[in-house]
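# Structural overview
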Amino acid sequence: MSILTSPRGKVEVVHCRRTESQDIYCIKNLIRKFTQKLFGKLNIIYLLEKANLAVTLCNDKEEIMAQATFLDYPNWNVSKQDDWVSVFRELDSEIPCTPLNTLFMHLFVAVDEFSIGCCKEIIRSVFKAVPELHFIFLIVPSYMSLGSTLVTVFDQVGNVPTLTYEEDFTVHICHRHNHYPQLHIRKARVEDHDDLMPIFMHYDTVLKETYGEYFLAELIEAQDEENHAVVCEVEGVAVGFMSVCSRVNLPLLHECFDLGPFHGLCIPHPDDILEPPEEIDAQEGQDAELRSNRLSVQKIAEEPQEPLLIEVMENIQEKIIEKAASGEPVLSICNGNNSEIQEVEKLSRASIVDGEEHYISSGSSTSVSLREEPSYFHPIYAGESDAFCIQLFCIDEKYEARSLDFMNFVFSLFPDKNFCLISLPHLTPEFVLIQNFVKIIPYNNCTIEHDLYVFHRAGLLKSIKIRLATFMDTSGIEKLVSTLMLNKSILTDLNQYNEARRDPDGTPMQAFVAEVAEQIVGIAVIRNEMDVEYIRSHFNIEDFIYFSHHQREEHGHLYHFALNPIFRHYTKFFLKEILRLGYKSCLYYPVYPQPREGKFQNPYAHSLTSALHYLVPVRPRRQIVYPLEKLGINAPSKAVSKDPLSYALNHTNRKLTLEPKITVNARIVVVGASTVGISFLETLVFCSHLKFNNLTLISTHGLPGKKLLGNEQRKFLASNHCFNDKDYALMSLCSWVNVVVGRMTGIDRAAKHVVVSKDQIVLYDHLILCTGQQYQVPCPTGADIGQHLTNREVPDSSKLPYTGKVPRNHFTLNDEEDCLSALVWIKKHYFTTERNVIVYGNTIDTYTTVETLLHMGVKGTCIYLVHPPSDSIITCINNYTVESAVEDALSAAGVTIYQEAVLAQWNDGEYPDPIHSAGFTTPTKPFRLNCSMFFSFCEKKVDYETFKAFNDACLVYDGRLVIDTNFHTNDVAIRAAGSLTKFSNRYYSNEWTHSNFSSKEIGFQLAAAMLNLFDPTLEPVTEPPADLDRLIPMYKGAKIQGGILPGSYHYLHVSKPVIPTPLEVQMSQTNFGSEIITGNAKNGTYFRIHVNKYKMVETITCLSKEPFPASNYIRLLGQHEQVLNNLCARFDDNLITDLYSYFTEPWCMALFHDRFIDLRKELRQILASKEEENLPSIEQLVHQIEDEEINLNESPRKYLKRVFQETVYKNLVERSILDYLHYNHYHLPMYAWPGII
């Protein structure tokens, strides 16, 4: 916040923010004729789309006071955007402008009364936001003066000609040191104590409480050769402090962190042991095989095609090493006077050893390895320490953006050291200084609960240059990428570029190199993006760009990216230069799903990993399933409707190159890869302005979505239609989430760690429990069926956990891994014997499993479907018509069904492994069945080990884990969600649990609750009124189940969240509404829609012999029947005989479109807004009619219809609908609008 005072004495409190699209109207209103003469006639939307930085100044009422737009190339076309440096160097050789330190002002507008103050405030904010920036140029026609505002901050440099116009243009410059100068750094003195203590106390009082009031003065006095204290000062006042020490506990760091990429922070020594002995290599190979069969931690790479974080495999070049070792000064750095007077050696000694493959963090959440194999080799370093550490650092918030100014001075204090270290607690918010450091990967046995960051002396160099690659760069690039997994691919593409500048298929391509001191430190290869229409139609790319303002050739596809980790903090600059030099405005980088065999080299493999966190993940769009044959020539183009291999899309553009992300280092551990857990992680990952570094998933089988069962339609388990294999590929959670494969067996709340598989620990700051409920091995009652007992005479063992040996041919199927195990066993063992198969349970999964067995070739006469007694009168399908059709199909297939049978014994009470027979009791007489496989689908429960972990941790458990309405358990650091939980009894709502709602929506709401802790852009959460804090939240997402039932019936049931009630009871209610049914269940043409009394679609049930577009039908829930083309009236008039055919007609495609809900909101907003002064809004008219404030001579419907048609509302609604159809024409070409007819 700053205070501006106008010449008239008027005061405004202002603040700067990034310009948003809704600012455009106000910006246009601030443009004067003088502005157009100064900057030219501009398309504001287009300018903001191509701007690297656009800043808006607002007052405390959020009224726009001023706006400025900056790009990385000149306006008025005074030079080409990729070749302006030489032109401006000729103006004044003493101005060392480079693409790194220069921006150009392309627009400035302001409220006249405050224009001078606004201009200075924006300029200061820009220099603060971009620490590398030193010069801002302004180019105006030579006949124009700058006016009274801009002349206060810009000085004239000279004139330049233009490439387009005949006239000359004047160049003006604004220097950093006049607005937000670099800080003066010096050694600390005791008298600085009084200046610094208020700054320390503002952040923390622990040091003062621990070491006394004068700890800082004592620290300054204790300086010696190993310990130094430095301060930064402004106008003689110390505003920042840093204490550095050359004593570093390297043995401890070597034990806890993978420092191999930096040669262990040691000087190279002949006795260094950098490679494992041969016998260890062999052992590691065996360990790699064992990892798949026991608890392991998957260090999943940011892209599936390469090992984790390949950026550090890039070698520091030999030439640099040699010169550095000889102490030859070759590069200089800017100091506080903006002149390069201090020379720094190039890159000292070998910080990355040639030929070694190492991994390092680029701030990725995948950087943390959580478990170490006993035989993992640690290099041994015999050389002296090459590092010093920062012990204490503090700086005034106003000057925090200049924190890096310290580094030049502190490195000069240790001329023989090349690395600076800093360690921070996980929950420390990321500050400006460490944004320039590299985060190091901890080993799995790391005992230090801090993150370690490293900065190399060479990272201070400002002479990095990005340019197009040439033939001469080949040898340097070969050295750089020699240890990359895909180095051959990079070199092949580089050679192709050098020879032809195009792909073999003719696609233009470009290769760029990053160069420091004549050495190649980075390589990037891009091609023109040829699938632009596919990207626009399949991803929400328009969350980040206005697509129509980007030419087709401005979209680039990033194929390769490798940058020396020492210069990792220049990644965004590298990307920005690629866009400028390549005349691109957007870059796309896809991450393809990892194939099951785990091979890295595949046709779609890319090599970028280290820059992934500088891109933003783009959400996929839900697609319409088109009836292509029925649409004919009105179907979407093949570029839109094609179905290539799915991938996750990452993106950057010019607007994002100078926009920082907020880093969240909190360790968020999710237990359970349930739908809730995946939805929670998905929501966090797709927060484009946040970067979660420590997301961890603990799951028995890792991440789902491995396509284990192939593309077969029939699955053992029913589906909730929340996520499928394609959805997982489009998310690529493996790029952002660490995965621990194992089972949670304990929680230590005091130490804040989870115990995995009894002997491994995973630390957490926030623990998310969403393990759900699983089918359990049933516990036999032990009744002897030879005594002819009935169910009444045997004890109820349904609540008891099974503690015996689990038979090898007993299957409880809870996920795809379990289904794969059953499938393999069937193919390997069953068909050699063809004995009976027992499917035991009451859930819908019993029916889908029976259908799968029949489809695989198991004879129906060999399948026994045994239903245990149910605690509820509600069946799993809850529709007698559907159930009858399924039962008839089972009978026709020869499947035998038993009702109300309780498992009594396996193998007549003998050793149960394997199962040869099973005995059951019933209400009448017992029976015994021989079997070779036993599938159990009894009621889902919380796993016993999971329950024990909760119980031992003293988490409140009452049949399920107890939570409040904000997902909290009785531990504030532990949250839970999903079917695992129930609401506390104080809410008096035991009939409502998370099981009643959509699991995907529950996961989203859980993430939304968590984001309030991390996202400063969100409004603070207000406490609910006292009388409302006891109400449970009600979610609206559809509750869905579906699958293929016996008889090859494709089944789908969609409903709103409700307390389960028998269908017959629902239909008997007076407010039930009506139902629309077409077809016949037994013929496989059944389609039922329940419309409530408000004419809204409340339930959808489909049973069909043919596959149908389930994702389309799910979108119908909650729609008014009139939106469905007057569904009820048409049905009553016998105009609809087949709903399947009805919903393939072209008119309804818009209903299935992912942005149709946005159209509905926009139309509602139009009707709710007051568009004419003398007339209330349509919504207000409705309320007035309800309150009888208007006397009508006609029916309310006719009155409202007449008002709608006679006023501006009709035109506004029509225009909104036509704009929607026009904007989404690539998805909806079957609709016509004015202009195409």
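Scroll up a little and you will see the structure.
Residues numbered from 1 in each chain as written. Predicted model: local features only at pLDDT ≥ 70, side-chain atom pairs only at ≥ 80, totals over all residues. Heavy atoms only, no water.

### Regarding the overall build of the protein chain
When helices and strands are counted, the protein chain shows 34 helices and 50 strands. Burial statistics for the protein chain: of 1237 residues in total, 56% are counted as buried. Taking contacts inside the protein chain between residues at least 6 apart in sequence as the whole, the part at least 24 apart equals 75%. (Helix = DSSP H or I, 4+ residues; strand = E, 2+ residues; numbered from the N terminus. Buried < 20%, exposed > 50% of the residue type's maximum accessible area, 1.4 Å probe, protein only. Contact = heavy atoms within 4.5 Å.)

### Considerations on the sheet that holds strand β23 (residues 586–591)
Here 7 strands make up an open sheet; going across it, the order is β19-β20-β21-β22-β23-β25-β24 and the pairing mixed. Each having just a single partner strand, β19 (465–468) and β24 (616–618) make up the two edges of the open sheet. Neighbour to neighbour, the strand axes of the sheet diverge by 35° on average, direction disregarded. Sheet topology note: the β24/strand β25 (residues 648–653) ladder contains 3 bridges and is antiparallel. Note that in β25 the partner of Val 616 across the bridge is His 651. Each of β19, β20 (509–516), β21 (519–528) and β22 (555–563) touches helix α15 (residues 487–500); the most contacted strand, β20, lies at about 110° to it. Most of the contacts of helix α17 (residues 571–581) go to β22, to which it runs at about 140°, and overall it touches β19, β20, β21, β22, β23 and β25. (Pairing = 2+ DSSP bridges. Axes fitted to C-alpha atoms, helices over the stretch in contact; angles between N-to-C directions.)

### So, the sheet that holds strand β40 (residues 917–921)
Reading across the sheet, the 3 strands line up as β39-β40-β41 and stay open at both edges, with antiparallel pairing between neighbours. With partners counted over all chains shown, the strands left at the sheet margins are β39 (902–906) and β41 (927–930), one partner each. Between one strand axis and the next, the sheet turns by 30° as a mean value, whatever way the strands run. Pairing between β40 and β41: 4 bridges, direction antiparallel. Across the sheet, the residue bridging to Phe 920 is Phe 927, located in β41.

### What to know about the nonpolar core
Phe 680, Ile 747 and Leu 769 are the most contacted members of the largest nonpolar core, which has 118 residues in total. When sequence neighbours within four positions are dropped, the list of residues in contact with Ile 747 reads His 753, Tyr 764, Leu 767, Leu 769, Ala 949, Phe 950, Ala 953, Leu 955 and Ile 974. The next biggest cluster of nonpolar side chains, apart from the first, holds 92 residues, and it includes Phe 88, Val 239, Phe 411 and Phe 437. (Core = buried A, V, L, I, M, F, W, Y, C linked by side-chain atoms within 4.5 Å.)

### Focus on the packing of helix α32 (residues 1178–1186) against helix α33 (residues 1196–1206)
Close contact between α32 and α33 brings their axes to 11 Å; oriented N to C, the two are set at 155°. What the angle tells us is that α32 and α33 run roughly antiparallel. Handedness of the α32/α33 crossing: right-handed. Contact residues: Ile 1178, Leu 1181, Val 1182 and Ile 1185 in α32; Pro 1196, Tyr 1199, Leu 1200, Val 1203 and Phe 1204 in α33. Taken together, the residues that form the contact of α32 with α33 break down as 9 nonpolar, no polar and no charged. (Parallel < 35°, antiparallel > 145°, perpendicular 65-115°, else oblique. Left-handed = near helix turned anticlockwise from the far one by under 90°. Nonpolar A, V, L, I, M, F, W, Y, C, P; charged D, E, K, R; others polar.)

### Comments concerning empty space enclosed by the protein
Considering all chains together, one arrives at 7 cavities of 30 Å³ or more under this definition. His 613, Pro 617, Lys 661, Leu 684, Val 685, Cys 687, Leu 690, Lys 691, Phe 692, Leu 695 and Trp 736 are the residues that line the largest cavity. Within the residue set of the lining of the largest cavity, elements represented by two or more residues are α20 (675–685) and β28 (690–692). For the lining of the largest cavity, the leading source of residues is β28, giving 3 residues. Within the lining of the largest cavity, the residues separate by chemical class into 8 nonpolar, 1 polar and 2 charged. (1 Å grid on protein atoms, 1.4 Å probe; cavity = no way out; pocket = protein on both sides within 12 Å on 5 of 7 lines; lining within 4 Å. Points joined across faces, edges and corners; volume = space filled by probe spheres on them.)

### Remarks on unusual backbone geometry
Between Asp 913 and the following residue, Pro 914, the backbone shows a cis peptide bond with an omega angle of 0°. Looking at the element boundaries, Pro 914 is found in the loop between β39 and β40. Here Tyr 583, not a glycine, exhibits a phi torsion of approximately 55°, which is positive. Looking at the element boundaries, Tyr 583 is found in the loop between α17 and β23. One non-glycine residue with positive phi stands out, namely Asn 878, at about 55°. Tracing the sequence through the fold places Asn 878 in the loop between β37 (863–866) and α24 (880–893).

### Remarks on the pairing of strand β5 (residues 102–110)
Burial analysis of β5 places 9 of its 9 residues in the buried class, which makes it a mostly covered element. Taken together, the 6 bridges between strand β4 (residues 64–71) and β5 define a ladder with antiparallel strand orientation. From the neighbouring strand, Thr 69 faces β5, where its bridge partner is Leu 107. Summarising the sheet, β5 and strand β6 (residues 135–141) pair through 4 bridges and their orientation is parallel. By the bridge assignment for β6, Phe 104 is matched with Phe 137. Handedness of the β5-helix α5 (residues 115–129)-β6 crossover: right-handed. (Right-handed = clockwise from strand over helix to strand, strands pointing away.)

### What about the side chain of Arg 568?
Counting through the fold element by element, Arg 568 comes out in the loop between β22 and α17. Separated by 2.4 Å, the side chains of Arg 568 and Tyr 614 make a polar contact. (Polar contact = N/O pair within 3.5 Å; in protein donor to acceptor, adjacent residues only side chain to side chain.)

### Things to note about the environment of Leu 581
With respect to the secondary-structure elements, Leu 581 resides in helix α17. Along the primary structure Leu 581 and Lys 80 are separated by 501 residues, whereas in three dimensions their C-alpha atoms are 9.6 Å apart. Setting aside anything within four residues of it in sequence, one finds Leu 581 in contact with Asp 82, Ile 466, Arg 467, Gln 510 and Phe 512.

### With respect to the pattern of salt bridges
Under the counting rule described, the total for this entry stands at 41 salt bridges. For Glu 121, the salt bridge is made with Arg 124, and the minimal N-O distance between the two is 3.2 Å. Placement of the pair is Glu 121 and Arg 124 together in helix α5, with a separation of 3 residues, close to one helical turn. Linking Arg 189 and Glu 191 is a salt bridge whose minimum nitrogen-to-oxygen distance equals 3.3 Å. (Salt bridge = Lys/Arg side-chain N within 4 Å of Asp/Glu carboxyl O.)

### Side note on the packing of helix α31 (residues 1156–1168) against helix α34 (residues 1208–1223)
For the pair α31 and α34, interaxial distance at closest approach is 10 Å and the crossing angle is 165°. On the basis of their axis angle, the class for α31 and α34 is roughly antiparallel. For the element pair α31 and α34, the recorded crossing hand is right-handed. For the pair formed by α31 and α34, the contact residues are Phe 1156, Leu 1159, Glu 1162, Leu 1163, Ile 1166 and Leu 1167 on the first element and Tyr 1209, Leu 1212, Val 1213, Ser 1216, Ile 1217 and Tyr 1220 on the second. Among the residues making up the contact of α31 with α34, the classes are represented as 10 nonpolar, 1 polar and 1 charged.

### Here we look at α32
For α32, every residue scored as buried is listed here: Ile 1178, Leu 1181 and Ile 1185. When α32 is viewed along its axis, its buried side chains cluster within an angular range of 55° and face the same direction. Here the buried face of α32 lies against α31, α33 and α34. Looking one or two residues beyond α32, the residue adopting positive phi is Glu 1188, at roughly 60°. (Arc of directions from axis to C-beta.)

### Details of a negative patch on the surface
Taken together, the side chains of Glu 1186, Asp 1187, Glu 1188 and Glu 1189 present a region of like negative charge at the surface. Positionally, Glu 1189 belongs in the loop between α32 and α33. (Patch = residues over 30% accessible without salt bridge, like charges linked within 9 Å, V, L, I, M, F, W, Y side chains within 5 Å. Areas by Shrake-Rupley, 256 points an atom, 1.4 Å probe, with all protein chains shown as cover. Lys, Arg positive; Asp, Glu negative; His and termini not counted. Charge placed at Lys NZ, Arg CZ, Asp CG, Glu CD.)

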